[in-house]
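An overview of the molecular structure
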Amino acid sequence: MMRIGHGYDVHRFAAGRRLVLGGVEIPYEEGLLGHSDADALCHALADALFGAVCLPDIGRHFPDNDPQYEGANSLELLRRCYDEVLGTGFALVNADCTIVAERPKLAPYIEAMRASVAAALGTDILSVNIKATTEEGLGIGGAGIAVHAVVLLEKIK
Ligand code: MG
């Protein structure tokens with residue numbers, strides 16, 4: 001049996017914050033604002049994984065008003081989310097993600113993000129795809145970064 005899941009997340013740019021996507025820190029003049037490290041890629045992926053097995057979203061697992069998640073490493077949270085999903089008997093076949101950002105240029109960091117996420121999920125880099133696009137200035141523009149994630153899971157037990 002196969003299951004599909006979709007996740008979506010947005011964080012706004014803020015000065016004085018780190019920019020972290022897929023657990024990879026990207027040197028840039030601004031970062032993303034959030035209670036955790038605001039890693040929108042990890043958050044979207046976690047919601048896609050939860051979505052595939054009808055579990056509550058990441059915000060209900062790790063509330064953004066809970067002090068223990070302040071500054072949390074979202075790659076580690078993603079690992080914990082996937083452990084919970086594995087507990088339902090489903091495992092990842094592949095994930096495909098699209099990062100929507102007018103800035104900065106993300107192409108130099110895509111392969112590192114794929115390796116980082118694949119390692120967190122205990123899977124092969126060929127099972128994790130990450131793409132980046134702009135919205136030609138028509139969408140959230142330069143105000144932040146959005147991520148779409150789709151996953152396919154298969155029943156393994
Ligand atoms: Mg988020």
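Residues numbered from 1 in each chain as written. Predicted model: local features only at pLDDT ≥ 70, side-chain atom pairs only at ≥ 80, totals over all residues. Heavy atoms only, no water.

**Quick word on the coordination of the magnesium ion**
In plain terms, the rule: Counted as donors are N, O and S atoms no farther than 2.8 Å from the metal, or 3.2 Å for Na, K and Ca; water is not among the atoms, and sites may therefore look incomplete. Strands here are runs of E lasting at least two residues and helices are runs of H or I lasting at least four, both read from the DSSP assignment and numbered beginning at the N terminus. Type-normalised accessible area, obtained with a 1.4 Å probe on protein chains alone, sets the label of each residue: buried when under 20%, exposed when over 50%, and partly exposed for intermediate values.
The magnesium ion binds to the protein through Asp9 (OD), His11 (NE2) and His43 (ND1), with metal-donor distances spanning 2.1 to 2.2 Å. Donor residues for the magnesium ion, ordered by position in the chain, follow D-x1-H-x31-H. Remark: His43 occurs in helix 1 (residues 40–52) and His11 occurs in strand 1 (residues 2–14); sequence separation between them is 32 residues. Here the two residues His11 and His43 agree in accessibility, since each one is buried.

**Here's the deal with the pairing of strand 6 (residues 128–133)**
The condition that has to hold: Should DSSP find at least two bridges between two strands, the strands are taken to pair. By definition, the crossover connecting two strands over a helix is right-handed if that path, from the first strand to the second, turns clockwise as seen with the strands pointing away from the viewer.
The pairing of strand 5 (residues 90–100) with strand 6 spans six bridges and is classified as parallel. Across the sheet, residue Thr98 finds its bridge partner in strand 6, namely Lys131. Read from strand 5 through helix 4 (residues 110–120) to strand 6, the crossover connection turns out right-handed.

**Some words on helix 4**
Condition: Contacts between residues were defined by any pair of non-hydrogen atoms, one from each residue, lying within 4.5 Å.
Ile110, Met113, Arg114, Ser116, Val117, Ala118 and Ala120 are the residues of helix 4 that are buried. Where helix 4 is buried, its residues meet strand 2 (20–21), strand 3 (24–25), helix 1, helix 3 (74–86), strand 5 and strand 6. At the C-terminal side of helix 4, Gly122 shows a positive phi close to 65°.

**Looking at the nonpolar core**
For clarity, the threshold we go by: What is meant by a nonpolar core is a set of buried Ala, Val, Leu, Ile, Met, Phe, Trp, Tyr and Cys residues, joined one to another through side-chain atoms within 4.5 Å.
Leu21 and Met113 are the most contacted members of the largest nonpolar core, which has 49 residues in total. Listed by contribution, the elements that provide at least two residues to this core are helix 1, helix 3, strand 5, helix 4, strand 6 and strand 7 (144–155). Here this core gets ten residues from one element, more than from any other, and that element is helix 1. Not counting chain neighbours up to four residues away, the residues in contact with Met113 comprise Leu21, Gly22, Val24, Ile26, Leu41, Ile99, Leu106 and Ile130.

**Quick word on the pattern of salt bridges**
This is how it is decided: What makes a salt bridge here is a side-chain nitrogen of Lys or Arg within 4 Å of a carboxyl oxygen of Asp or Glu, nothing more.
Inspection of every chain in the model, using the stated rule, returns five salt bridges. Arg18 is the salt-bridge partner of Glu25, the closest N and O atoms lying 2.9 Å from each other.

In short, shape yes, function no, at least from these values alone.
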